[in-house]
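Chain residues, written in single-letter form:
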Amino acid sequence: WNGLSHGLKLINWQEEAYLNSVYNLMEAYTSYIPSSTSRNEVPDISLFDHSSLTAAIASCMLDWARENGITDFRETFFRSNTEFRSKEAFLLVHADLSGIQDFIYTISSKRALKSLRGRSFYLDLILEQIADEILSNLDLCRANLLYSGGGGFYMLLPNTQKSAEALVRAESKVNEWLYDQFSIRLYLAIGWAPATANHFMDPDKVQSSGTREIFRAVSQVVSMKKTRRYQGMNLEKLF
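Because the structure is a prediction, the values reported are computed rather than measured. (Residues numbered from 1 in each chain as written. Predicted model: local features only at pLDDT ≥ 70, side-chain atom pairs only at ≥ 80, totals over all residues. Heavy atoms only, no water.)

Draft legend 1. Representation of the layout of surface pockets within the structure. Taken as a whole, the largest pocket spans an internal volume of roughly 500 Å³. Lining the largest pocket are 16 residues, and of these Leu 53, Ile 57, Ala 197, Phe 200 and Met 201 sit closest to its centre. Tallying contributions element by element places helix H3 (residues 47-67) first for the lining of the largest pocket, with 3 residues. Approximately 360 Å³ is the volume found for the second largest pocket. (1 Å grid on protein atoms, 1.4 Å probe; cavity = no way out; pocket = protein on both sides within 12 Å on 5 of 7 lines; lining within 4 Å. Points joined across faces, edges and corners; volume = space filled by probe spheres on them. Helix = DSSP H or I, 4+ residues; strand = E, 2+ residues; numbered from the N terminus.)

Here is the structure:
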């Protein structure tokens, strides 16, 4: 508690990046604190994970409401919450970097281990940079980045026109840069699918197939894009 309090006092709350600073402090100090103190529940969810996901969902709801001209949040999200839970207010986003195996392991035997670690770390940095740029363009913080690793990442974004445009722009920009740097060795596929609040709830309590349906839909979009690379790229430049 002392460490968390001290860290919060050091944050410059006037800076735009203060949310990410709070996020990092919460991760450092609350990752091993259970979110529920009820003795009748299994404390398998940390306070950090619970708070992070709550912030991600809330920010998506706010941006979705703004785009749809909704100002009465109490009516929409509380009194009429059953109706809202069926609205496609969210986007589940998955980015997958193809070609990483050949990129990492095509090396000489001299200092192979150091080269493997260096290239793997380099790809991690690229993905982190891509994720940060998308979140920054949408005025969101790291809480909306659900997972990053293994050559890709998952995000929860608001289902808005701004989000779709940011994702299309990021995919095009990154792939042009990857082509200029590495030719066709690396390719980034970004897929997304709309989701409702019901998809993230207990399937036994609502009429929903749960998150399985959304993850399957996103994976299908990414797989399709990986088999149809460079459709939007200038073919004259490619050949």
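Draft legend 2. Quick look at the packing of aromatic side chains. Scanning the model with the defined rule gives 10 aromatic pairs in all. When the centroid spacing of 6.3 Å and the interplanar angle of 75° are considered together, the rings of Tyr 122 and Phe 182 count as edge-to-face. Residue Tyr 122 is located in helix H7 (residues 112-137), and its partner Phe 182 is located in helix H8 (residues 161-182); the two are separated by 60 residues in the primary sequence. Judged by its relative accessible area of 32%, Tyr 122 falls in the partly exposed class. For Phe 182, a relative accessible area of 14% gives the class buried. An aromatic cluster is present here, built from Trp 64, Phe 73, Phe 77, Phe 84, Phe 90 and Phe 200 joined pairwise through their rings. (Phe/Tyr/Trp six-rings, centres within 6.5 Å; stacked < 30°, edge-to-face > 60°. Buried < 20%, exposed > 50% of the residue type's maximum accessible area, 1.4 Å probe, protein only.)

Draft legend 3. Looking closely at the state of the cysteines. This model, assessed by the stated rule, comprises 0 disulfides. Of the cysteine sulfurs around Cys 60, a residue in no disulfide, the closest is that of Cys 141, at 10 Å. Of the residues examined, Cys 60 reaches a relative accessible area of 0% and is grouped as buried. A residue is classified by how much of its surface remains accessible, and Cys 141, at 12% relative accessible area, is buried. (Disulfide = S-S within 2.5 Å.)

Draft legend 4. Structural detail: the pairing of strand S4 (residues 187-195). For S4, the tally of buried residues reaches 7 of 9 residues, placing the bulk of the element in the interior. Summarising the sheet, strand S1 (residues 90-98) and S4 pair through 9 bridges and their orientation is antiparallel. Opposite Val 93, over in S4, you have Trp 192 as the bridge partner. (Pairing = 2+ DSSP bridges.)

Draft legend 5. Representation of the nonpolar core. In this structure, Leu 123, Ile 134, Phe 153, Met 155, Leu 157 and Leu 188 are the most contacted members of the largest nonpolar core, which totals 29 residues. The set of elements that each furnish at least two residues to this core consists of S1, helix H6 (100-105), H7, strand S3 (152-158), H8 and S4. If one sorts the elements of this core by residue count, H7 sits on top with 7 residues. Those residues in contact with Leu 123 that sit more than four places away from it in its chain are Leu 97, Ile 100, Phe 103, Ile 104 and Leu 186. Core analysis: the next-biggest nonpolar cluster, separate from the first, contains 21 residues, Met 61, Phe 90, Ala 193 and Ile 214 among them. (Core = buried A, V, L, I, M, F, W, Y, C linked by side-chain atoms within 4.5 Å. Contact = heavy atoms within 4.5 Å.)

Draft legend 6. Representation of helix H2 (residues 18-30) in the model. Taking 1.5 Å per residue as the helical rise, H2 with its 13 residues ought to reach 18 Å, and the 18 Å between its terminal C-alpha atoms agrees with that figure. All of the buried residues in H2 are Tyr 23, Leu 25 and Thr 30. Buried positions in H2, seen along its axis, are confined to an arc of 165° and lie on one side of it. Where the residues of H2 are buried, they touch helix H1 (2-10) and H3. (Expected span 1.5 Å × (residues − 1). Arc of directions from axis to C-beta.)

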